[in-house]
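Remarks on the overall topology
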Amino acid sequence: MTKKNLIVIGNGMVGHKFLECMIAKGATDDWNLITFCEEPRVAYDRVNLSGFFAGKTAADLSLVEPGLYQTHNIQIYIGDKVDRIDRTSKTITSANGVTVNYDKVVLATGSYPFVPPIKGKDAAGTFVYRTIEDLEAMSAYAKSCKVGVVIGGGLLGLECANALKNMGLKTHVVEFAPRLMPVQVDDAGGKVLKEQIEGLGVRVYVNKSTTEIVNKNGNVHKMLFADGSELQTDMIVFSAGIRPRDELAKVCGLQVGERGGIVVNEVCQTSDPDILAIGECALYRDRIYGLVAPGYTMAAVAADHLCLPHSNSFNGADMSTKLKLLGVDVASFGDAFGRTEGAKEIAIKDAIKGTYKKLVLNESGSLLLGGILIGDASAYGNLLQLVQNAIALPPHPEDLLMLPRESSSFSMGVESLPDTAQICSCNNVTKGQICSAIQDNGLTDIGSVKKCTQAGTGCGGCVPLVTDLLKAELKKAGIEVKNDLCEHFAYSRQELYSLIRTHQIKTFDELLERHGKGRGCEICKPAVASILASAWNDYVLTPFHAGLQDTNDAFLANIQKDGTYSVIPRIPGGEITPDMLIVIGEVARDFGLYTKITGGQRIDLLGARVDQLPLIWQRLVDAGFESGHAYGKALRTVKSCVGSTWCRFGVQDSTGLAIAVELRYRGLRAPHKLKSAVSGCTRECAEAQSKDFGIIATENGWNLYVCGNGGIRPQHAQLIAEDVDQETLIRYIDRFLMFYIRTANRLERTATWLNKLEGGIEYLKQVIINDSLSICAELEAEMEYQVATYACEWKTTIADPEKLQRFNHFVNSDAPDPSLMHMEERGQVRPASEQERQLIQG
Amino acid sequence: MQITSTTETIAQWLTVCPLSRIIPNTGVCALVEDQQVAIFRVGEEIYAIANYDPFSQAYVLSRGIVGDRQGVPKVASPIYKQNFNLITGECFDDETVRVAVFPVRVMYGQVQVGIEA
């Protein structure tokens, strides 16, 4: 079959995204992809153009992975622009004279900056702000300037003002409308924004219409305004809106809108079904979408349509935005102007903090429709969730604005979830089902809730959420909620931690005798074992600790569904020599283990019988491996990218730091598992912002992020320290981890812990960085003790014949568990299902 | 030491291991006539139930954490954490499920499992 020709006109952000979508769909098998790029370079990140002035290079801003187009045989004409589309002969012709036949065309021509027809607008020293060339020209000219003016106080105008300011110019912004950012922000918000921006040294004029630009020897000299005033300046940048690049479409007779824009339908087809248009050049239902996200959506829709007609559609887009302009937070979301019938507003203006926050509610005040946030947009994500999921608001919606901390706990907590939200994904149990079970049956403990609803009886990952739901329901019913660990201890984990430390308690039995009752259970025993380990760091399998450990800790391996275990040796920072890799491969082969690369840059060896564990570890320890603690509520892994050692973008040695961090905290036991990562630059390839503590290299040092989380409810880590040196970084991490270990509940990840921490990240900063509780010296000393007393648990275990006795399946026979059976799949073993086992056994 | 079953029907007591082999408040698994039996040492008492966990369909109960619920001795499955009554074999979390219970005793420091006639 001969391939069809698909021509993409325009290689901006959206045109490139479209090509990526086609590649992802494997469409290069059916299509010859040909693209024309008018600019002298391939697609780059226009949204972050101002980064160019903050030291980013054109290469930094590039969106096209080097070699991507070549690999996929995409033909690109750089610096060439399509001049003509001949729809009869189905050919296009470029400015350089290239003629190509087409089967389909995608127009991704974008937009151009609108320059108002002001007298004198062409004088030397006037610029627009769209391409890297524009920036280079501005930057060169600005060297001889002292004053700069931006005409247009919209989103892009303010970005541009920031650029001028960064170049050291005295900067003015002139806006024709009565307020800044007229599309996103209302009058009151515009006023606060203006005050904030003026506070940063940028002069703002609104309601100001420029009538003439006066030049002196051909160079910009001053501006005259309709109100008779004037302003002297050395350069002017126009940022008065964008206009779609539809000239090509117009010439070939495609339908365009009255005020421009190529008319498209819901699959991005123009009036000629063989020509599609996407991004800022496209007009969908009389609207141009001037943001990148809707452009990307169109790119995906167009790609889907070409591969499988009408498999996806574009139905308009959410124009909610959150930005930092000149360092001021601005967010606008949903129905920000209260245009819905009956809409009501709650607004708070805080002249002291310089913030303005407005919520738009429906008529009854039960739902959030939209809002505007100026000066502090930290609530944006949560508020947007409330809008998008139509979550019923609390009785006093103004609290969402008054107490940012409370409000975020409101929306992050279980109470905010809709009844239809799935809590237990193993058994498909919704929040509604759990709540009614609690109410209808008067349930008061987590065991009964699990029994009644099956929630939490699968993987158990939702148990903390179910517990929160139970607590919330009990609180609603006026029942006192105790934070007791379980029936054996009338204390929270935090209280037990301080009892153990203060009274120097070294064993579970001692604690039970002094502060508990009964014999303990699977809740309190591992929790106490973890506290004892965090406090005293004794070997976890000493006889008086052995019975406390979950089976994973008890056998120093992760139990799998068939009762076999997985083995994960530590590979600090994910760095491993070929020889060590070979050892792992040989061990896996010799013991018939299934191998898989983990998400944390390690290698998991699965299917080990309990009696094989010591033999496997003997081999691994002999080769120099250590326990990876994948079985413990402990530090797991510190992921890293290759960093500045190899990567041409890296600014610091991220691998080296990751190894140092992993070795420092290896074996550290905590209320829950701990994950970390180190990225060598802001590209963040190690995904540090999804970790309990993540580190990202900067030109000047390291940024530390804390309390991120993948898992059941993903949450980004929050920045706690910027540009610190390695020593300071480690000190902060020491304090952070120990503070978490001291105060978190049992099985509470750092993200949930932070959400519940009154005062949130600001409070945490006070404690960790400013030592507001005067405990940092203690925290550091406790961590030093941990670091100094570390020992590899597997090394200790295989050296002790008595310990090894436990690693027999039977106490009275050397036979392995006869029920274990493996099947082969994709060239490796997997556990046999119950059915298969019965078949094999006959 | 308590004997958890009447002795009349026991044909034979099979010695499994010395009591000292079982770390206090943990369990072991014994092979008793082709059956896997989980034996637990809880405080001064000793209990035996089937090692098969009906929820995970794996032979793992001996590796669970022992303790008590309102004074009743129990073990939690190491796989999905269901709790089983060590005296009756009943599952606390699902009354339709029960695992077998075996007679067990300690004689002269040796743990013995009774084999019924």
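Remember, it's a predicted structure, so these values are computed and weren't measured experimentally.

To continue, consider the overall build of chain A. The helix and strand inventory of chain A stands at 29 helices and 39 strands. Every one of the 842 residues in chain A was classed for burial, and the buried ones make up 46%. Within chain A, contacts between residues separated by at least 24 positions form 60% of all contacts whose residues are at least 6 apart in sequence.

What follows covers the overall build of chain B. Counting its regular elements, chain B contains zero helices and 11 strands. Tracing chain B from N to C terminus, the helices and strands come up as β-β-β-β-β-β-β-β-β-β-β. A total of 117 residues make up chain B; the buried ones form 49% of that total. Residue pairs at least 24 apart in sequence account for 47% of intrachain contacts in chain B once pairs closer than 6 positions are excluded.

With that settled, the discussion passes to the sheet that holds strand β33 (residues 635-640) of chain A. Residue and element names in this part refer to chain A. The five strands are arranged β33-β34-β35-β36-β37 in an open sheet whose pairing can be described as mixed. The open sheet has two edge strands, β33 and β37 (718-724), and neither has a second partner. For this sheet the average axis-to-axis angle between neighbouring strands, irrespective of direction, equals 15°.

Each partner contributes residues to the interface: chain B has 31 residues there, and chain A has 31 residues. Secondary structure elements with two or more residues in the side of chain B that touches chain A: β1 (10-18), β2 (26-32), β6 (58-59) and β7 (65-69) of chain B. Tallying contributions element by element places β2 of chain B first for the side of chain B that touches chain A, with five residues. Residues that form the side of chain B that touches chain A fall into these classes: 17 nonpolar, seven polar and seven charged.

Counting 64 residues, the largest nonpolar core has Ala30, Val37, Ala38, Ile39, Phe40, Ala48 and Ile49 of chain B as its most contacted members. Apart from the residues within four sequence positions on either side, Ala48 of chain B is in contact with Val37, Ala38, Ile39, Val101, Phe102, Val104 and Val113 of chain B. The next biggest cluster of nonpolar side chains, apart from the first, holds 62 residues, and it includes Val149, Ile151, Met181 and Val360 of chain A.

The next thing to look at is the sheet that holds β7 of chain B. Residues and elements named next belong to chain B. In space, the three strands of this open sheet follow the order β7-β8-β9, with antiparallel pairing throughout. In this open sheet, the two edge strands, each paired with only one partner strand, are β7 and β9 (83-85). The mean inter-strand angle of the sheet, taken between neighbouring strand axes irrespective of direction, is 40°. Across three bridges, the pairing between strand β8 (residues 72-76) and β9 is antiparallel. Along β9, the bridge assignment pairs Lys74 with Asn85.

Attention now moves to helix α6 (residues 187-199) of chain A. Residues and elements named next belong to chain A. Here α6 spans 18 Å end to end across 13 residues, near enough to the 18 Å set by a 1.5 Å rise per residue. When α6 is considered as a whole, its buried residues turn out to be Gly189, Gly190, Val192, Leu193, Lys194, Gln196 and Ile197. Buried positions along α6 lie against β12 (203-205), β23 (328-334), β24 (344-350), β25 (355-361) and β26 (368-374). Two residues or fewer past α6, Gly201 is found with a positive phi of approximately 95°.

Let's shift gears to the confidence of the model for chain B. All names here are of chain B. Across chain B, the average pLDDT comes to 90, with 93% of residues at or above 70. A low-confidence stretch, residues 1-5 (pLDDT under 50), is modelled with 12 contacts involving residues beyond four sequence positions or located in other chains. Scored as a whole, the predicted complex attains pTM 0.56, and scored at its interfaces, ipTM 0.91.

Next up on the list: the environment of Val214 of chain A. With respect to the helices, strands and loops of the structure, Val214 of chain A is situated in strand β13 (residues 210-216). Beyond its immediate sequence surroundings of up to four residues, Val214 of chain A is in contact with Gly120, His221, Lys222 and Leu224 of chain A.

Attention now moves to the packing of helix α23 (residues 726-743) of chain A against helix α26 (residues 776-788) of chain A. Residue and element names in this part refer to chain A. At a minimum axis distance of 8 Å, the contact between α23 and α26 shows a crossing angle of 90°. Regarding the angle of α23 to α26, the classification is roughly perpendicular. Residues Arg731, Asp734, Arg735, Leu737, Met738 and Phe739 of α23 form the contact with α26, whose own contacting residues are Cys776, Leu779, Glu780, Glu782 and Met783. Of the residues in the contact of α23 with α26, the class split is six nonpolar, no polar and five charged.

All names here are of chain A. With respect to the element layout, Cys792 can be found in the loop between α26 and α27 (793-798). Residues Cys792 and Phe625, 167 residues apart in the sequence, show an inter-C-alpha distance of 9.4 Å. Not counting the four nearest positions on each side in its chain, Cys792 is found in contact with Glu626 and Ser627.

Now for the environment of Lys322 of chain A. Residues and elements named next belong to chain A. Here Lys322 shows up in strand β22 (residues 321-325). A tally of 15 C-beta atoms within 10 Å means that Lys322 is categorised as partly exposed. In this structure the C-alpha to C-alpha distance between Lys322 and Ser378, which are 56 residues apart in sequence, comes to 9.6 Å. Sequence-distant contacts of Lys322, that is, excluding residues within four places in its chain, are made with Ala331, Ala377 and Tyr380.

Residue and element names in this part refer to chain B. As defined by bridge partners, β7 adjoins β8 across five bridges and the pair is classed as antiparallel. If you follow Arg69 over to β8, its bridge partner there is Val72. Hairpin connection, β7 to β8: the antiparallel pair is bridged by two residues, and Gln70 has positive phi, about 45°. Two successive antiparallel strands, β8 and β9, enclose a turn made up of six residues, where Lys81 displays a positive phi of approximately 70°.

Conventions used here
- Residues numbered from 1 in each chain as written.
- Chains lettered and ligands numbered in written order.
- Predicted model: local features only at pLDDT ≥ 70, side-chain atom pairs only at ≥ 80, totals over all residues.
- Helix = DSSP H or I, 4+ residues; strand = E, 2+ residues; numbered from the N terminus.
- Buried ≥ 20, exposed ≤ 12 C-beta atoms within 10 Å, placed from the backbone.
- Contact = placed C-beta atoms within 7 Å.
- Pairing = 2+ DSSP bridges.
- Axes fitted to C-alpha atoms, helices over the stretch in contact; angles between N-to-C directions.
- Nonpolar A, V, L, I, M, F, W, Y, C, P; charged D, E, K, R; others polar.
- Core = buried A, V, L, I, M, F, W, Y, C linked by C-beta atoms within 7 Å.
- Expected span 1.5 Å × (residues − 1).
- pLDDT = per-residue confidence, 0-100.
- Parallel < 35°, antiparallel > 145°, perpendicular 65-115°, else oblique.

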